[in-house]
Amino acid sequence: MAMLSPKFDDLTIGHDFLFKKVMRNPRICKHLLEEVLQAPIAEISYPEIEKTIDVFYDSRGVRLDVIVADEKHTHYNLEMQVKNTTNPKTGQHVLPKRTRYYQAMLDVDALQKGQNFDLLPATYIIFICAFDFFGKGNYIYTFKKRCLETPELEFPDEATIILLNTTGTHGNISPDIKSFFEYVNQHAVTSDFTKEIDKEIFHIKSDQKARLEYMSLETYVQDNRYEAYAEGEAKGLAKGEAQEKFATVKRMLKRGKSSLIEIAEDTDLPLDTIKKIQAEMQTV
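Residues numbered from 1 in each chain as written. Predicted model: local features only at pLDDT ≥ 70, side-chain atom pairs only at ≥ 80, totals over all residues. Heavy atoms only, no water.

Student: Give a description of the pattern of salt bridges that names residues and reports values.
Tutor: Throughout the structure, instances matching the rule amount to eight salt bridges. For K145, the salt bridge identified is with D157, shortest N-O distance 2.6 Å. Remark: D157 occurs in the loop between strand 6 (140–143) and strand 7 (159–165) and K145 occurs in the loop between strand 6 and strand 7; sequence separation between them is 12 residues. Since its relative accessible area comes to 45%, K145 is described here as partly exposed. (Salt bridge = Lys/Arg side-chain N within 4 Å of Asp/Glu carboxyl O. Helix = DSSP H or I, 4+ residues; strand = E, 2+ residues; numbered from the N terminus. Buried < 20%, exposed > 50% of the residue type's maximum accessible area, 1.4 Å probe, protein only.)

Quick look at the structure:
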């Protein structure tokens, strides 16, 4: 079973919902990009935030946390990654192929039908990782395509992938990026930049609309988790029948007139499953 989602008041910058809300502040987002790239950016805009791109009806969509464009039409995709996730079936880490897929989706979405390939914008996919994927201790890992036979020869496709390692120990980063890493890791406010981020988070958590948005999102996520239960735990039941059972459990739990044991007996579902559904409903 997936881990329970944190309550709204317990969210940190490491949670993608709160991260995208903070990065919606153009001053914070622009400063973060400038400090990472160590280059000035005159202006940024938000083509779309947390955009879901579906290319074909039978292909996998991808939800992007933050997409930003600057005055030169360069596109930046910012992602927060707190766990080094692996595929339980293969044991392989998913981060490398995830960045590859995100790059492909950005490119497909950026080019309109009939446009020439040379109109593709320069892109930066930036993952803020609360772990060291390569174990080298670098604060920053920057990747561009290079020729194996002639390493100094760079392939000019203008696509860059940057992994920020908040647990790093060496490399050339600005004081504000270092303080940002400390904020991600320990919620430590050690600079004017992280003070501004902390203030922004306070305002977000004081916003009732943001709270309701998070609750709606978590309800959607929970419903999807119940569908997973229907497939994995209903033990031979048809999917539609299993989903109806879970809906019945939710209604009975909301009424509060039956014990968990009674609900399990009435629905023919394991008691552990009833407890899981109850725990999910109490997290928001």
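Student: How would you sum up the packing of aromatic side chains? Please name residues and give values.
Tutor: Under the counting rule described, the total for this entry stands at 11 aromatic pairs. Aromatic side chains Y102 and F127 sit 5.8 Å apart centroid to centroid with 35° between the ring planes, which places their arrangement in the tilted category. One end of the pair, Y102, is in helix 3 (residues 95–110); the other, F127, is in strand 5 (residues 123–129), and 25 residues separate them in sequence. Judged by centre distance (6.2 Å) and plane angle (40°), the ring pair of Y139 and F181 falls under tilted. One end of the pair, Y139, is in the loop between strand 5 and strand 6; the other, F181, is in helix 4 (residues 175–186), and 42 residues separate them in sequence. Among the aromatic residues, ring-to-ring pairing joins F133, F134, Y141 and F143 into one connected group. Just above the ring of Y46 sits the side chain of R24; from NZ or CZ to the centre is 4.7 Å. (Phe/Tyr/Trp six-rings, centres within 6.5 Å; stacked < 30°, edge-to-face > 60°. Lys NZ or Arg CZ within 6 Å of the ring centre and 35° of its normal.)

Student: Report on the environment of L269, specifying residues and quantitative values.
Tutor: Tracing the chain through its elements places L269 in the loop between helix 8 (260–267) and helix 9 (271–282). When the C-alpha atoms of L269 and V249 are compared, they prove to be 9.2 Å apart, with 20 residues separating the residues in sequence. Excluding anything up to four places from it in sequence, L269 contacts K245, F246, V249, A264 and I274. (Contact = heavy atoms within 4.5 Å.)

Student: Any chance you could break down a negative patch on the surface for me, citing the residues and the numbers?
Tutor: Residues E262, E265, D266 and D268 make up a contiguous surface patch of negative charge. When you line up the elements, E262 lands in helix 8. (Patch = residues over 30% accessible without salt bridge, like charges linked within 9 Å, V, L, I, M, F, W, Y side chains within 5 Å. Areas by Shrake-Rupley, 256 points an atom, 1.4 Å probe, with all protein chains shown as cover. Lys, Arg positive; Asp, Glu negative; His and termini not counted. Charge placed at Lys NZ, Arg CZ, Asp CG, Glu CD.)

Student: So what's going on with the side chain of T267? Which residues, and what values?
Tutor: Relative to the elements of secondary structure, T267 occurs in helix 8. A distance of 2.7 Å separates the side chain of T267 from the backbone oxygen of I263, its partner in a polar contact. (Polar contact = N/O pair within 3.5 Å; in protein donor to acceptor, adjacent residues only side chain to side chain.)

Student: Can you break down helix 4 residue by residue, with the values?
Tutor: Compared with an ideal rise of 1.5 Å per residue, which puts 12 residues at 16 Å, helix 4 spans 16 Å between its outermost C-alpha atoms and is within 8% of the ideal. Along helix 4, the positions that sit buried rather than exposed are I177, S179, F180, F181, Y183 and V184. The inward-facing, buried residues of helix 4 contact helix 2 (26–37), strand 4 (75–81), strand 5, strand 7 and helix 5 (192–205). Positioned one or two residues after helix 4, H187 has a phi angle of 55°, which is positive. (Expected span 1.5 Å × (residues − 1).)

Student: Can you break down unusual backbone geometry residue by residue, with the values?
Tutor: Here the phi dihedral of H73 falls at roughly 70°; this positive angle occurs in a residue that is not glycine. Tracing the backbone shows H73 in the loop between strand 3 (62–70) and strand 4. Despite not being glycine, D268 has its phi angle at roughly 60°, a positive value. Since its relative accessible area comes to 64%, D268 is described here as exposed.

Student: I'd like a description of helix 8, backed by residues and values.
Tutor: Taken as a whole, helix 8 has its buried residues at I263, A264 and T267. Buried residues in helix 8, looked at end-on, bunch into an arc of 100°, giving them a common side. Seen from the buried face of helix 8, the exposed residues on the opposite side, beyond 90 degrees, are I261, E265 and D266. Downstream of helix 8 by a residue or two, D268 has a phi angle that is positive, lying close to 60°. (Arc of directions from axis to C-beta.)

Student: Explain the packing of helix 1 (residues 16–23) against helix 5 to me, using residue names and the numbers behind them.
Tutor: For the pair helix 1 and helix 5, interaxial distance at closest approach is 10 Å and the crossing angle is 110°. Here helix 1 lies roughly perpendicular to helix 5, going by the angle between them. Pair helix 1 / helix 5 crosses with right-handed handedness. Facing helix 1, whose interface residues are L18, K21 and V22, helix 5 presents I197, E200, I201, I204 and K205. For the contact of helix 1 with helix 5, a count of residues per class yields five nonpolar, no polar and three charged. (Axes fitted to C-alpha atoms, helices over the stretch in contact; angles between N-to-C directions. Parallel < 35°, antiparallel > 145°, perpendicular 65-115°, else oblique. Left-handed = near helix turned anticlockwise from the far one by under 90°. Nonpolar A, V, L, I, M, F, W, Y, C, P; charged D, E, K, R; others polar.)

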